[in-house]
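Working through the structure, step by step
Here is how the chains run, residue by residue.
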Amino acid sequence: MTSGLWELVLKGVWVTVQLLFLSALLATGVSFVVGIARTHRLWIVRFLAGFYTEVFRGTSALIMIFWVFFVLPPAFGWQLVPLWAGTLALGLTYGAYGAEIVRGALGAVDPAQREGGVALNFTPWQRMRKILLPQAVPEMIPPFSNLLIELLKGTALVSVMGMGDLTFSASLVRLALQESAEIFTYVLLIYFVIAFLLTRGMRRLERDLKAGLGQGPTRPSRFSLKRDTAGLSASTTTGTAGGGAGVGGDS
C-alpha cells in the first residue's frame with residue numbers, strides 16, 4: 001500500500017481507539033450505577049435497573065446504533081455526530097452487560113462482611129464503599145476484560161454510519177486497491193494487537209488490586225528455599241548421627 005493509504009488506516013485506528021475509550025468509560029459508569037441499583041433495598045429502584053438491563057441486553061447493538069443516529073435525533077430536532085452516537089449506543093448496550101457483572105460480584109461477597117458493617121453501624125453507602133466494593137472489584141476484572149474485548153469488536157459496527165473507524169477505512173482502501181486479502185489481514189492483526197494489549201493491561205490491574213487486598217500469588221524466594229533446604233540437610237545429618245550413636249551403644 002502507498003503511504004497515503006497507510007495514513008488512512010492509521011487515522012481509522014485512532015478513531016477506533018477514541019471510540020473504545022469513550023464508550024468504555026460510559027459503559028463502566030453505567031455498569032456500576034445500574035449494578036449497584038440492582039442490589040438496592042427499594043423494589044422500585046431494583047425494578048427500574050432490571051428493566052434497563054433487560055431492554056439493552058435484549059436488543060441488537062447494530063440496531064441501537066441505527067436508532068440513536070437515525071431515529072432519536074430527528075424526534076428531538078438535533079443531530080449527533082457519529083462519534084458521540086456510537087459512544088452512546090455502545091456504552092449503554094455494553095453497560096447493561098457490565099451491570100450484571102457488578103451485581104454478581106457484589107452478591108458473591110461473604111454475607112458476614114455485610115453483617116460486620118452493620119455491627120460497625122455503617123450506613124448502606126459506607127458498607128458499599130468501604131467493605132463490599134473493595135472486595136468485589138478484583139473479581140469483576142476478568143469478566144470486564146472479556147467485555148472490553150467484545151466492546152472493541154463492537155466498535156466495527158459504527159462503520160454503518162460512515163464513521164471513519166478502522167473497519168470503514170479498511171473498506172475504502174479495499175475499494176482503492178481492489179484487493180481484499182491483504183488489507184483485511186492487516187486489519188485482523190491490528191485488532192488482535194489492540195485486544196492483546198488490553199488483556200495484558202487488565203491482568204496487571206487485577207494483580208495489583210488483589211495484591212492490595214493481600215490476595216496476590218505468594219512465591220517462595222530463593223533465600224527461603226535455600227534456608228529450608230539447609231535446615232532439612234542439618235536435621236537429616238543430626239538424625240543420622242544420632243542413629244549411628246544408638247546402634248553403637250546397643251552393640
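Criteria and cut-off values
- Residues numbered from 1 in each chain as written.
- Predicted model: local features only at pLDDT ≥ 70, side-chain atom pairs only at ≥ 80, totals over all residues.
- Heavy atoms only, no water.
- Buried < 20%, exposed > 50% of the residue type's maximum accessible area, 1.4 Å probe, protein only.
- Salt bridge = Lys/Arg side-chain N within 4 Å of Asp/Glu carboxyl O.
- Helix = DSSP H or I, 4+ residues; strand = E, 2+ residues; numbered from the N terminus.
- Patch = residues over 30% accessible without salt bridge, like charges linked within 9 Å, V, L, I, M, F, W, Y side chains within 5 Å.
- Areas by Shrake-Rupley, 256 points an atom, 1.4 Å probe, with all protein chains shown as cover.
- 1 Å grid on protein atoms, 1.4 Å probe; cavity = no way out; pocket = protein on both sides within 12 Å on 5 of 7 lines; lining within 4 Å.
- Points joined across faces, edges and corners; volume = space filled by probe spheres on them.
- Nonpolar A, V, L, I, M, F, W, Y, C, P; charged D, E, K, R; others polar.

Some remarks on unusual backbone geometry
In the Ramachandran plot, N121 falls in the positive-phi region, its phi being about 65° despite a non-glycine side chain. Looking at N121, the relative accessible area reads 66%, which means it is exposed.

Focus on the pattern of salt bridges
In total, this model carries 7 salt bridges according to the counting rule given. For K11, the salt bridge identified is with E7, shortest N-O distance 3.8 Å. Taken together, the residues K11 and E7, both in helix α1 (residues 3-37) and 4 residues apart, mark about one turn of the helix. The salt bridge partner of E100 is R103, with a shortest N-O separation of 3.0 Å.

As for a nonpolar patch on the surface
A contiguous nonpolar surface patch, about 730 Å² in accessible area, is contributed by L42, W43, I44, F47, L48, F51 and V55. When its relative accessible area of 33% is taken as the criterion, V55 is described as partly exposed.

Considerations on the layout of surface pockets
Computed from the structure, the largest pocket encloses a volume of approximately 280 Å³. Around the largest pocket, the lining residues are I36, T39, H40, R41, R114, P124, W125, R127, M128 and L132. Looking at the lining of the largest pocket, the element that brings in the most residues is helix α6 (residues 124-154), giving 5 residues. Residues belonging to the lining of the largest pocket are distributed by class as follows: 5 nonpolar, 2 polar and 3 charged. Taken as a whole, the second largest pocket encloses approximately 220 Å³ of empty space. Forming the walls of the second largest pocket are A24, A27, T28, S31, F32, Y94, I141, F144, L147, L148, L151 and M202. Elements represented by at least two residues in the lining of the second largest pocket include exactly α1 and α6.

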